[in-house]
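For reference, the chains in residue letters:
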Amino acid sequence: MPPKKRGPLQTVQRDTDVIKRKVDALVQQAAQPDASDCTEIFERCKELKRAVEEITKTLKKLSKADEPAPVGNYDQCKRDEEKRLLNLHERLQSLALQLQPQDEIAGPSSSQREQKSDEENSDEKDESSEEEEEEVHDDDDDDDDADSDDEDTDISQTATGQETVSYVALSAFTGEEEGDLGIQKGEVLKVLSKNKDGWWLAQNSNGQKGLVPKTFLKMYLNSQSSQKDSGRENEDEEESEEEQESDIKSSKTSNWNTVRKAVTEIDATDVLSAMGAIPPGFRPSNLSRHLEEGTSYRASHFIQPKLSQSQLSFQDLHMDPDTGKVHGRPSRVSLTLTLWSCRMIPSPGVGLQVLSRHVRLCAFNGTQVLSNIHTVRATYNFKSQKTWSFSPRMTGMLPCLLDGECFLRCDSESPDLGILFELGVTYIRNSTGERGDLSCGWAFLKLFDESGAPITLRTQELTIHGGTPFERDTDMDTTSTKRGYPTGVFQQMLLSRKMPKLVVKLKSVNSRSRVLLNLLPDTIVGSLSTVHLLATYRQILADALLLDRVTMCNADLICSSVLASFPDVVDQPDLMDAFRKSWTESESNLRRSDKRDINVLKQMFVSVYMASVFPLLSSAEMPTPCWADEEVESQRARIIYSPSQKISVETMLSSQCSHQAFDIAQVTYDLISRAQH
């Protein structure tokens, strides 16, 4: 078997180890009292210094693309090697000063001191000129001669008095191809042109130009220096020189403060993107953040009745006086959809452990979320790692969390109304144990055309975009479009097959489902398998709010455990599955005529709910739901479905059963706090 080929970074590490052993031996030899030949040791010290400098130059030229195989945490390993080489260089420098001959230890001559002072002055001038160039930003992208240094200075002189714009590098980027510009973290750059493919032409303080991905840059404004420069024109030469020195100092401070602020504001996604653990198009999940903020974007909020403008009646809950049932209300959009599959979805790197792959969907008008956020978990096949599927085949009842059959109702009059799909993953970092939610991309399906007519309900193949819905022209992987889009038909066909896609099938609602959907609120999204339970709950809610109250102005607490606790169950898919299972078993024992009797269904709803689900909410053994936590989910499933641990109202009253402390909110319905305003 041939020996394993070493990578460039591994070779540098091996050479550094050899140099370190030689330095240790040389230091021990110089520390011995009988070391007579100091000249030989001094020459060996200079040779080792040159070797360290050569290895350092070689290390700085290395990039991650030079490695024959993937290297975990490459940037950190490279920084560690730089620190080791710097430490060796300092040790050799101190040893050389100890071994330096006496004639060389003497101070430099006057001419040498003058030459050194001239060099220091020139260096200071160069640094000040570079800082002044960094403070000024060229806002004229149409200037064809921006590459020349003379015209750059002219532009910088005419730009005084205006607010300058600069860009700070959020993380280090090493150019992988010819034409790329390598940047360091915190470096200030000038952007000369912005391409739609995500690669911008930038220039650093040394005048070097190249392509940089825009995800590595952050813009900031520096108006203090421009205001001070504009007031500098009307003053005397002596005062202008003094103010120029003070401006240079203040610009150094302001630039450093801006860079420090930009660096400290980097979130976990920027760190993971810089490490190469996630593709450039990944972002923090916006819809997950909405769900964590409270119940405003949950189904438990949208299932509640909505008060009218007068706050004295309900806008979406009316009773039919002839039948005694809830009056059905058609909505502007009422449809069912099926999530088929997602393909060519990039996977996170090896540093992350994926806990869940899912799709979140909601009604969206281009600027804000209009409905609750519904989540469908995807199944993952290791043989096809870039393909997600939904509604897996299994024996028994399909959990609503895995069910790709969904419904959507929305009464918004916005012409841009549509469905927003966000592909996301819940991950945990292997190194730190930190959890988070990432957006793998998004897709938007507009439900109305330019004339305001509804689109045709058919199978849609939606392109997945990177970034967020508020970003434009962000690709999932910028390397595919860095050099422009292909122009040939065959190349475009190949590229389209590699683009991330979401396949969704829109369907019209059948007559039976339409009757049930019209009983629901005007705006809500959910699983199609739970429609009959939600419709029955709305009927019970209408009886309590419209029939049983003495007057419509009465806002007293309503004693009903079903009305008070069922909205909390709607947000817990495993409890909804347990309720569906018990409901199906009880419904199978009904006669055909009883299945159409709303009074019988309401009584069965209350009895089944109180016997199967309500005791679980008050159980002390039931852990609090935690998204994508396998241990918590398995423990909850064991309590819900285990016959030996089955909890009922009778067992809760026994002394052997432990339950949570009594809370009046579990048995009373507060209309004022629960209704939508």
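Because the structure is predicted, anything quoted here is derived from the model rather than measured.

### A word on the overall build of the protein chain
And step 1. Looking only at helices and strands, the protein chain features 22 helices and 19 strands.
And step 2. Here the protein chain holds 677 residues, and the buried ones make up 42% of them.

### Notes on the sheet that holds strand β13 (residues 418–429)
And step 1. Reading across the sheet, the five strands line up as β6-β14-β13-β8-β9 and stay open at both edges, with antiparallel pairing between neighbours. Two strands lie at the open edges of the sheet, namely β6 (283–284) and β9 (374–377), each paired on one side alone.
And step 2. Sheet analysis places β13 next to strand β14 (residues 435–446), joined by eleven bridges and oriented antiparallel. Bridge pairing in β14 places Gly418 opposite Lys446.

### Some details on helix α16 (residues 573–587)
And step 1. Here α16 contains 15 residues, and its C-alpha end-to-end distance of 20 Å stays within 8% of the 21 Å for a straight helix at 1.5 Å per residue.
And step 2. Contacts made by the buried residues of α16 are with α14 (531–547), α15 (561–570), α18 (598–612), α19 (614–617) and α20 (630–641).

### Quick notes on the side chain of Arg580
And step 1. In this fold, Arg580 is placed in helix α16.
And step 2. Arg580 gets classed as buried once you look at its relative accessible area, which sits at 8%.
And step 3. Side-chain polar atoms of Arg580 contact the backbone oxygen of Leu398, separated by 3.3 Å.

### Points about helix α10 (residues 286–293)
And step 1. Buried within α10 are the following residues: Asn286, Leu287, Ser288, His290 and Leu291.
And step 2. Among the structural elements, β6, β8 (352–364), β9, β13 and β14 are those in contact with the buried residues of α10.
And step 3. Phi turns positive, to about 155°, at Gly294, one or two residues after α10.

### Some details on the pattern of salt bridges
And step 1. Per the stated rule, a full pass over the model turns up 20 salt bridges.
And step 2. Between Arg14 and Asp15 there is a salt bridge, with the nearest N and O atoms lying 4.0 Å from each other.
And step 3. A relative accessible area of 39% places Arg14 in the partly exposed class.
And step 4. Ionic pairing is found between Arg84 and Glu81, a salt bridge with its closest N-O pair at 3.0 Å. Of the two residues, Arg84 and Glu81 are both situated in helix α3 (residues 74–99); the distance of three residues between them amounts to about one turn of the helix.
And step 5. Salt bridges linked by common partners bring Asp17, Glu81 and Arg84 together as one network.

### With respect to the packing of aromatic side chains
Two measures describe an aromatic ring pair: the distance that separates the ring centres and the angle between the ring planes.
And step 1. For the structure on display, the rule yields twelve aromatic pairs.
And step 2. In this structure an aromatic cluster arises from ring pairing among Tyr537, Phe566, Phe579, Trp583, Phe605 and Tyr609.
And step 3. The positively charged end of Arg332 is found above the aromatic ring belonging to Phe448, 3.8 Å away from the centroid.
And step 4. Directly above the aromatic system of Trp627 lies the positively charged group of Arg377, at a separation of 4.6 Å from the ring centroid.

### A few points about the nonpolar core
The nonpolar side chains of a soluble globular protein tend to be buried, and buried together.
And step 1. Residues Phe566 and Phe605 are the most contacted members of the largest nonpolar core, which totals 52 residues.
And step 2. Looking at this core, the elements that each hand over two or more residues are α11 (299–302), α13 (511–517), α14, α15, α16, α18, α19 and α20.
And step 3. Ranked by residue count, the leading element in this core is α14, at ten residues.
And step 4. The residues touching Phe605, leaving out its near neighbours within four places in the chain, are Leu533, Thr536, Tyr537, Ile540, Val562, Phe566, Phe579 and Trp583.
And step 5. The next biggest cluster of nonpolar side chains, apart from the first, holds 38 residues, and it includes Leu423, Val425, Leu447 and Val504.

### Some details on the pairing of β13
Walk down a regular strand and you will see the side chains alternate between the two sheet faces.
And step 1. Summarising burial for β13: eleven of the twelve residues are buried, a large majority.
And step 2. As paired elements, β8 and β13 share twelve bridges and run antiparallel to each other. Within β13, the position partnered with Ala363 by the bridge is Ile419.
And step 3. Between the end of β13 and the start of β14, which pair antiparallel, lie five residues, with Gly433 showing a positive phi angle near 75°.

### A look at unusual backbone geometry
And step 1. In this model, Ser391 sits at a positive phi of 50°, which is unusual for a non-glycine residue.
And step 2. When you line up the elements, Ser391 lands in the loop between β11 (384–389) and β12 (405–410).
And step 3. One non-glycine residue, Ala628, lies in the positive phi region at around 60°.
And step 4. With respect to the helices and strands, Ala628 occurs in the loop between α19 and α20.
And step 5. Of the residues examined, Ala628 reaches a relative accessible area of 6% and is grouped as buried.

### A closer look at a nonpolar patch on the surface
And step 1. Together, Leu557, Phe662 and Ile664 line one region of the surface with nonpolar side chains, adding up to about 350 Å² of accessible area.
And step 2. Checked against the element boundaries, Phe662 lands in the loop between α21 (649–653) and β19 (668–669).

### Looking at the environment of Arg580
And step 1. Sequence spacing of Arg580 and Leu533 is 47 residues, and the spatial spacing of their C-alpha atoms is 8.0 Å.
And step 2. With residues up to four places along the chain from it excluded, the contact list for Arg580 reads Met397, Leu398, Pro399, Cys400, Ser529, Thr530 and Leu533.
And step 3. A polar contact is formed between the side chain of Arg580 and the side chain of Asp577, at a distance of 3.0 Å.

### Re the confidence of the model for the protein chain
Predicted coordinates in regions of low pLDDT should not be interpreted in detail.
And step 1. Here the protein chain averages 78 in pLDDT, while 73% of its residues score no lower than 70.
And step 2. Predicted confidence is poor over residues 124–164, with pLDDT under 50, and the contacts of this stretch with residues over four places away or in other chains come to 55 contacts.
And step 3. With pLDDT under 50 throughout, residues 247–256 is counted as low confidence; its partners more than four residues away or in other chains account for 15 contacts.

### Focus: the packing of α15 against α18
And step 1. The contact between α15 and α18 brings their axes to 11 Å, and the two run at 65°. Handedness of the crossing formed by α15 with α18: left-handed. From α15, Ser561, Val562, Ser565, Phe566 and Val569 reach across to α18, where they touch Phe605, Val606, Tyr609 and Met610.
And step 2. The residue inventory of the contact of α15 with α18, partitioned by class, reads seven nonpolar, two polar and no charged.

### Topic: the environment of Glu621
And step 1. Relative to the helices and strands, Glu621 is located in the loop between α19 and α20.
And step 2. By relative accessible area, Glu621 is classed as partly exposed at 45%.
And step 3. Placed 14 residues apart in sequence, Glu621 and Gln635 show a C-alpha to C-alpha distance of 9.3 Å.

### Some remarks on the side chain of Asp522
And step 1. Residue position: Asp522 is located in the loop between α13 and β17 (524–527).
And step 2. Classification of Asp522 as buried rests on a relative accessible area of 7%.
And step 3. Excluding residues within four positions of it along the chain, Asp522 makes contact with Asp316, Arg329, Ser331, Arg409, Cys410 and Asp411.

### Quick word on the environment of Gly281
And step 1. When you line up the elements, Gly281 lands in the loop between α9 (268–275) and β6.
And step 2. Overall, the relative accessible area of 0% leaves Gly281 in the buried class.
And step 3. C-alpha of Gly281 to C-alpha of Gly466: the two residues are 185 residues apart in sequence and 4.3 Å apart in space.

What counts and how
- Residues numbered from 1 in each chain as written.
- Predicted model: local features only at pLDDT ≥ 70, side-chain atom pairs only at ≥ 80, totals over all residues.
- Heavy atoms only, no water.
- Helix = DSSP H or I, 4+ residues; strand = E, 2+ residues; numbered from the N terminus.
- Buried < 20%, exposed > 50% of the residue type's maximum accessible area, 1.4 Å probe, protein only.
- Pairing = 2+ DSSP bridges.
- Expected span 1.5 Å × (residues − 1).
- Contact = heavy atoms within 4.5 Å.
- Polar contact = N/O pair within 3.5 Å; in protein donor to acceptor, adjacent residues only side chain to side chain.
- Salt bridge = Lys/Arg side-chain N within 4 Å of Asp/Glu carboxyl O.
- Phe/Tyr/Trp six-rings, centres within 6.5 Å; stacked < 30°, edge-to-face > 60°.
- Lys NZ or Arg CZ within 6 Å of the ring centre and 35° of its normal.
- Core = buried A, V, L, I, M, F, W, Y, C linked by side-chain atoms within 4.5 Å.
- Patch = residues over 30% accessible without salt bridge, like charges linked within 9 Å, V, L, I, M, F, W, Y side chains within 5 Å.
- Areas by Shrake-Rupley, 256 points an atom, 1.4 Å probe, with all protein chains shown as cover.
- pLDDT = per-residue confidence, 0-100.
- Axes fitted to C-alpha atoms, helices over the stretch in contact; angles between N-to-C directions.
- Left-handed = near helix turned anticlockwise from the far one by under 90°.
- Nonpolar A, V, L, I, M, F, W, Y, C, P; charged D, E, K, R; others polar.

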